[in-house]
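Understanding the architecture of this molecule
Here is how the chains run, residue by residue.
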Amino acid sequence: MAMMRYAEALRAALREEMQRDSNVWLFGEDIAVYGGVFKVTKDLLAEFGPERVRDTPISEQTLTAMAVTAAMAGTRPVLEIMYADFLPLSIDALMNQASIYNYIWNGQVTMPFVLRTQGGGGAGAGAQHSKSLDALVAHIPGLKVVAPATAADAKGLLKAAIRDDHPVIFLEHKLLYNSRDEVPDGDHLVEIGKARIAREGHGVSIIASSRMVIESLKAAELLADEGISAEVIDLRSLRPLDRDTIRASIAKTHHAVVVNEGWRFCGYGAELSATIMETAFDELDAPVERVATHDIPIPYSEPLENAVLPDAAKIAAAARRAVA
Amino acid sequence: MRNSPTIDEQIEMLRRMIAVRHLEERLGELHKAGKTRGPIHRCDGQEAVGIGATAMLDAADLLTSTHRGHAHYVGKGVGLHPIIAEILGRSTGACAGRAGHMLIADAANGLLGGNAIVGGGIPAATGFAVSLQMRNRADGGARVAMCLFGDGAAQTGICHESMNIAALWKLPVVFVLEHNQYGLTAHHSTQSSVPDLVVRADGYGMPGESVDGNDITAVYRAVATAVDRARRGEGPSLVEAKTYRMVGFSTSDVGGYQSADDLAAWRERDPIVLARRSLAASVSPAQLDAVDAEARAAVDAAVEQALADPLPGFVDHAPSAPYYAGAV
Ligand SMILES: Cc1ncc(C[n+]2csc(CCOP(=O)(O)OP(=O)(O)O)c2C)c(N)n1
Ligand SMILES: [Mg+2]
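1. Focus on unusual backbone geometry
Glycine aside, residues mostly have negative phi angles, and peptide bonds mostly take the trans form. Look at the link from Arg 239 of chain A to Pro 240 of chain A: it is a cis peptide, with omega at -5°. Positionally, Pro 240 of chain A belongs in the loop between β12 (237–239) and α8 (243–253). Gly 113 of chain B follows Leu 112 of chain B through a cis peptide bond whose omega is -5°. Here Gly 113 of chain B lies in the loop between β3 (111–112) and α5 (121–139). The backbone of Asp 43 of chain A sits at a positive phi, close to 75°, despite the residue not being glycine. With respect to the element layout, Asp 43 of chain A can be found in the loop between β2 (24–28) and α2 (44–48). One non-glycine residue, Lys 170 of chain B, lies in positive phi territory at about 50°. As for its placement among the helices and strands, Lys 170 of chain B is situated in the loop between α6 (157–168) and β5 (173–179). Accessibility expressed as a relative area gives 48% for Lys 170 of chain B, which makes it partly exposed.

2. Quick look at the interface of chain A and chain B
Tallying the contact residues gives 47 residues for chain A and 43 residues for chain B. When chain A packs against chain B, close to 3,700 Å² is buried across both sides, 60% of that on carbon and sulfur atoms. Connecting chain A to chain B are one salt bridge. Here Arg 137 of chain B ties to Glu 51 of chain A by a salt bridge, and the two come within 2.5 Å at their closest N and O atoms. For the pair chain A and chain B, the interface holds 17 residue pairs in polar contact (both at pLDDT 80 or more). Along the lines of polarity and charge, the residues of the side of chain A that touches chain B split into 20 nonpolar, 16 polar and eleven charged.

3. Some remarks on the domain arrangement of chain A
The figure often quoted for interface size is the accessible area lost as the parts come together. Residue and element names in this part refer to chain A. Structurally, chain A comprises domain 1 (2–183) and domain 2 (196–323). Here the C-alpha centroids of domain 1 and domain 2 sit 26 Å apart. Remark: the boundary between domain 1 and domain 2 carries two salt bridges. Here Arg 236 ties to Asp 153 by a salt bridge, and the two come within 3.0 Å at their closest N and O atoms. Along the contact surface separating domain 1 from domain 2 lie 13 residue pairs in polar contact (both at pLDDT 80 or more). Of all the secondary structure elements, the ones that give two or more residues to the side of domain 1 that touches domain 2 are α5 (134–138), β6 (144–146), α6 (151–163) and β7 (168–173).

4. Side note on the site of ligand 1
Residues and elements named next belong to chain B. What surrounds ligand 1 is a group of 14 residues, the closest being His 67, Arg 68, Gly 152, Asn 180 and Tyr 182. Contacts to ligand 1 include His 67, whose side-chain N or O atom sits 2.7 Å from an oxygen atom. Protein coverage of the free-state accessible area of ligand 1, which is 580 Å², stands at 69%. Grouping the constituent residues of the shell around ligand 1 by class yields seven nonpolar, five polar and two charged.

5. Points about the environment of Tyr 268 of chain A
Its location among the elements puts Tyr 268 of chain A in helix α9 (residues 268–280). Of note is the side chain of Tyr 268 of chain A, whose polar atom sits 2.5 Å from the backbone oxygen of Leu 238 of chain A.

6. Regarding the environment of Ser 237 of chain B
Residues and elements named next belong to chain B. Along the chain, Ser 237 turns up in strand β9 (residues 237–242). For Ser 237, a relative accessible area of 3% puts it in the buried group. Counting along the chain gives twelve residues from Ser 237 to Thr 225, while the straight-line C-alpha distance between them is 9.1 Å. Apart from the residues lying within four places of it in its own chain, the contact partners of Ser 237 are Val 173, Val 174, Phe 175, Met 206, Pro 207, Ala 226 and Arg 229. Side-chain polar atoms of Ser 237 contact the side chain of Arg 229, separated by 3.4 Å.

7. Describing the pattern of salt bridges
Residue and element names in this part refer to chain A. Inspection of the entire model under this criterion finds 46 salt bridges over all chains. Here Glu 17 ties to Lys 159 by a salt bridge, and the two come within 2.9 Å at their closest N and O atoms. With a gap of 142 residues between them, Glu 17 in helix α1 (residues 6–20) and Lys 159 in helix α6 connect regions that are remote in the sequence. Take Glu 17 and Lys 159: they sit in the same class, and that class is buried. With a shortest N-O distance of 2.7 Å, Asp 244 and Arg 247 are connected by a salt bridge. Of this pair, Asp 244 and Arg 247 both sit in helix α8, three residues apart, which is roughly one turn of the helix. We classify Asp 244 as partly exposed; its relative accessible area is 46%. On the accessibility criterion, Arg 247 (27% relative accessible area) is partly exposed. Through salt bridges with shared partners, one network takes in Glu 16, Glu 17, Arg 20, Lys 155, Lys 159, Arg 163 and Asp 187.

8. Digging into the side chain of Gln 133 of chain B
Within the element layout of this structure, Gln 133 of chain B appears in helix α5. Look past the residues within four positions of Gln 133 of chain B in its chain and what remains in contact with it is Arg 54 of chain A together with Trp 169, Lys 170, Leu 171 and Pro 172 of chain B.

9. Overview of the packing of helix α3 (residues 60–72) of chain A against α5 of chain B
At a minimum axis separation of 7 Å, α3 of chain A and α5 of chain B run at an interaxial angle of 50°. Accordingly, the angle class assigned to the pair α3 of chain A and α5 of chain B is oblique. As α3 of chain A packs across α5 of chain B, the resulting crossing turns out to be right-handed. Every residue of α5 of chain B that contacts α3 of chain A at Thr 62, Ala 65, Met 66, Thr 69, Ala 70 and Met 72 of chain A is listed here: Pro 123, Ala 124, Thr 126, Gly 127, Phe 128, Val 130 and Ser 131 of chain B. Taken together, the residues of the contact of α3 of chain A with α5 of chain B break down into eight nonpolar, five polar and no charged.

10. A short note on the sheet that holds strand β10 (residues 204–208) of chain A
Residue and element names in this part refer to chain A. A sheet is described by the order of its strands in space; here five strands give the open sequence β9-β11-β10-β13-β14, paired in mixed fashion. Looking along the sheet, the strands with just one partner apiece sit at the ends: β9 (196–199) and β14 (289–293). Averaged over all adjacent pairs, the angle separating strand axes in this sheet is 25°, with direction ignored. In the sheet, β10 pairs with strand β11 (residues 230–234) via five bridges, with the strands oriented parallel. Opposite Ser 205, over in β11, you have Glu 231 as the bridge partner. With respect to the sheet, α9 is in contact with β10, β13 (256–263) and β14, its orientation differing from that of β13 by roughly 155°.

Parameters and conventions
- Residues numbered from 1 in each chain as written.
- Chains lettered and ligands numbered in written order.
- Predicted model: local features only at pLDDT ≥ 70, side-chain atom pairs only at ≥ 80, totals over all residues.
- Heavy atoms only, no water.
- Helix = DSSP H or I, 4+ residues; strand = E, 2+ residues; numbered from the N terminus.
- Buried < 20%, exposed > 50% of the residue type's maximum accessible area, 1.4 Å probe, protein only.
- Contact = heavy atoms within 4.5 Å.
- Buried area = accessible area lost by both parts, 1.4 Å probe.
- Salt bridge = Lys/Arg side-chain N within 4 Å of Asp/Glu carboxyl O.
- Polar contact = N/O pair within 3.5 Å; in protein donor to acceptor, adjacent residues only side chain to side chain.
- Nonpolar A, V, L, I, M, F, W, Y, C, P; charged D, E, K, R; others polar.
- Domains from an automatic or database assignment.
- Near = heavy atom within 4 Å.
- Areas by Shrake-Rupley, 256 points an atom, 1.4 Å probe, with all protein chains shown as cover.
- Axes fitted to C-alpha atoms, helices over the stretch in contact; angles between N-to-C directions.
- Parallel < 35°, antiparallel > 145°, perpendicular 65-115°, else oblique.
- Left-handed = near helix turned anticlockwise from the far one by under 90°.
- Pairing = 2+ DSSP bridges.

Right under this line is the structure:
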């Protein structure tokens, strides 16, 4: 085990996979010489050279489409899209290209690429640099979507994503890059599609991903002081979804709060809520509570941004309503 | 002349053009008879571009096509039966009936593949070219990517982005612009700020050549030069082939925007007629007639076989498949 920052864990995953497999290469805006605006790819140009670590023009639509076909043609590209807010530019390549070919071409091709991006609010970056668009990508059949909350999972999931033969959208969070936790030594892999119990409890299940896991853990502390025992599930994978872990937790707690940093309406929380209704309705003692971002553009000024984003206090309040 | 096709190659290209034309005619009938689904985009009159531009490619070269790809498919070596069976939605089709006529792919022949998002094939070929460049450098190969795209597709943002990146990274890709004068029903003069799109090559610092797209030898020569350059690792080129669609945009086109004069003038310049004429000096009429009859018979046989083939059944995807969302 080693204490590592989330960004360092990501870099370690990239470095190890590039050392292991010469077909793995990186491209994206400002990732090579500068090392990425969040410094995830720092020093990799020096180690692997300009063919495998490429700075690109500002051409997200084309870069994403190129990742799809480069992957089909025998290499394993890892594309960095600087902000999740730019995913709308990638969406044709994801929705009309990457997602269809394995199926409509009857298994003739696979597309082992990873699209790394980072989203989320709380940094005062404004309406075009703060969104969580989990639902946008998780909606698309044929894509896998992961969103690590810890450095350990950041490393293990990224290594697994690079080795996956199918497209993986890798959602990082800008406020997590400097968070530190223990990362297992060696070839640490985390299976895509498996959730993790981040905190055990028996009174209410809080189901979250990415930075909302951290906020949910804080909420669980608040609730513990009031005698409410919260179990926090860190989904890690948004698609495929680990329904078994969710169901097992609710079978124990009989109450559920779903949390996602994206918008509320048609958001990822709606899918979680519907999943619980479909798979664990008989276990519930109360309606599912949903915590999400307000359905407005994310404002700039600190009190405004804080008002619209989910946080520990809002999650704790939802849990109190659920168990009331 | 450099890169001229041999007589045998010209005969083979003529055979393929005739097969594509007859395929389009048969598909027109099958569509009317309700045997196909959705619109069919025929390429009657444009065969010299698709066939001539692909004739020098190997199976290891990767081609991206469009919604109007039948000549591209045949040119890249895909069999007539898998094409027709796919269009008839049969389990024996190139993609087992999952793709339909606009999205056919055949990985073994390097067709990846049809694309009905206008412009979508352009970044796709560019992405192929990055991998091929890396693999060529690693194993000494000389594989290239090629993109056939329309004058409508040339107006997309991804076309600009792709050509810039291809030239910047000296990628082994050839952009072949099939300029048939229209994007759907809209004449190019309402879509493009310049009539001759080849001028754009200069803006990316790559070679550009404009050719008569109905003269298959001219298409072949220009594209072969561009392919050679890409194989040598010298980067991308743009070839603009001027041609004309002698039929409607698709089987659902009700017409009214193509002038009778234009249609008549281009029919005079039917690429199959021109190709036969240029072979007349070296090949007997009887041999050319035989090529014609064989090509048509091959299409008819493939249609008959495909019509008798079974329709596919739906199979759920396994937990290992990318389409699996998690057990309910
Ligand atoms: C992104 C997108 N926009 C619009 C369409 C509808 N559409 C299909 S083909 C076409 C015209 C394309 O023109 P061109 O590239 O010149 O090809 P052509 O049909 O002439 O072969 C249009 C507008 C589409 N399929 N995709
Ligand atoms: Mg056109």
